[in-house]
Amino acid sequence: MTKRSPFRYFKTSPEIIRLAVMMYIRFPLSLRNVEDLLHERGIDISHETVRFWWSRFGPMFAAEIRKRRIQSMRSSRWRWHLDKVFVRDCQKNLG
């Protein structure tokens, strides 16, 4: 059984949707800033469209990023370790 594309009902290409959502998530931009940046590239969309795409596709993109991070961590055999630990008794003598 083939997996259906989540972009199947959208006229805009998946690359543009991904670009808009990732610009909004990755950089400290407002929805209107993303709209302006895309307009400079010749893509005419509304800031409300960016908000809709973010709410619809943001969790999916975040899951993909997490999945890639986990796979890269497993392939590199990366492990947490503690090097030197120093614990100090911070109680004051109140006597």
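Residues numbered from 1 in each chain as written. Predicted model: local features only at pLDDT ≥ 70, side-chain atom pairs only at ≥ 80, totals over all residues. Heavy atoms only, no water.

## Describing the pattern of salt bridges
Between side chains of opposite charge, a pair can form as their charged atoms come close. Tallied over the full model, the rule gives two salt bridges. Between Arg-18 and Glu-64 there is a salt bridge, with the nearest N and O atoms lying 3.2 Å from each other. Of this pair, Arg-18 sits in helix α1 (residues 14-26) while Glu-64 sits in helix α3 (residues 47-75), and the two are 46 residues apart along the sequence. Overall, Glu-64 belongs to the partly exposed group, its relative accessible area being 29%. Residue Glu-48 pairs with Arg-51 through a salt bridge whose shortest N-O separation is 2.9 Å. With Glu-48 and Arg-51 both in helix α3 and three residues apart, the pair spans about one turn of that helix. Judged by its relative accessible area of 37%, Arg-51 falls in the partly exposed class. (Salt bridge = Lys/Arg side-chain N within 4 Å of Asp/Glu carboxyl O. Helix = DSSP H or I, 4+ residues; strand = E, 2+ residues; numbered from the N terminus. Buried < 20%, exposed > 50% of the residue type's maximum accessible area, 1.4 Å probe, protein only.)

## Some remarks on the environment of Thr-12
You can see Thr-12 is positioned in the segment before α1. When the C-alpha atoms of Thr-12 and Ile-45 are compared, they prove to be 9.8 Å apart, with 33 residues separating the residues in sequence. Not counting residues up to four positions away in its chain, the partners in contact with Thr-12 are Ile-17 and Trp-53. (Contact = heavy atoms within 4.5 Å.)

## Things to note about the packing of aromatic side chains
Counted under the stated rule, the structure contains five aromatic pairs. Relative to Phe-52, the ring of Phe-10 has its centre 6.1 Å away and its plane inclined at 45°; by these criteria the two rings are tilted. With Phe-10 in the segment before α1 and Phe-52 in helix α3, this residue pair connects regions lying 42 residues apart in the sequence. A connected cluster of aromatic rings, assembled from ring pairs, spans Phe-7, Phe-10, Phe-52, Phe-57 and Phe-61. (Phe/Tyr/Trp six-rings, centres within 6.5 Å; stacked < 30°, edge-to-face > 60°.)

## Here we look at the packing of α1 against helix α2 (residues 31-40)
Interaxial distance between α1 and α2 falls to 10 Å at its minimum, and their mutual angle equals 135°. Here α2 runs oblique to α1, going by the angle between their axes. Regarding α1 and α2, the two cross each other, and that crossing is right-handed. Every residue of α2 that contacts α1 at Leu-19, Ala-20, Met-23 and Tyr-24 is listed here: Leu-31, Val-34, Leu-37 and Leu-38. (Axes fitted to C-alpha atoms, helices over the stretch in contact; angles between N-to-C directions. Parallel < 35°, antiparallel > 145°, perpendicular 65-115°, else oblique. Left-handed = near helix turned anticlockwise from the far one by under 90°.)

## Some words on the confidence of the model for the protein chain
In the predicted model, the protein chain carries a mean pLDDT of 86, and the fraction of residues at 70 or more is 85%. At the level of individual helices and strands, the protein chain shows its lowest average pLDDT in α3, which scores 89, and its highest in α2, which scores 96. (pLDDT = per-residue confidence, 0-100.)

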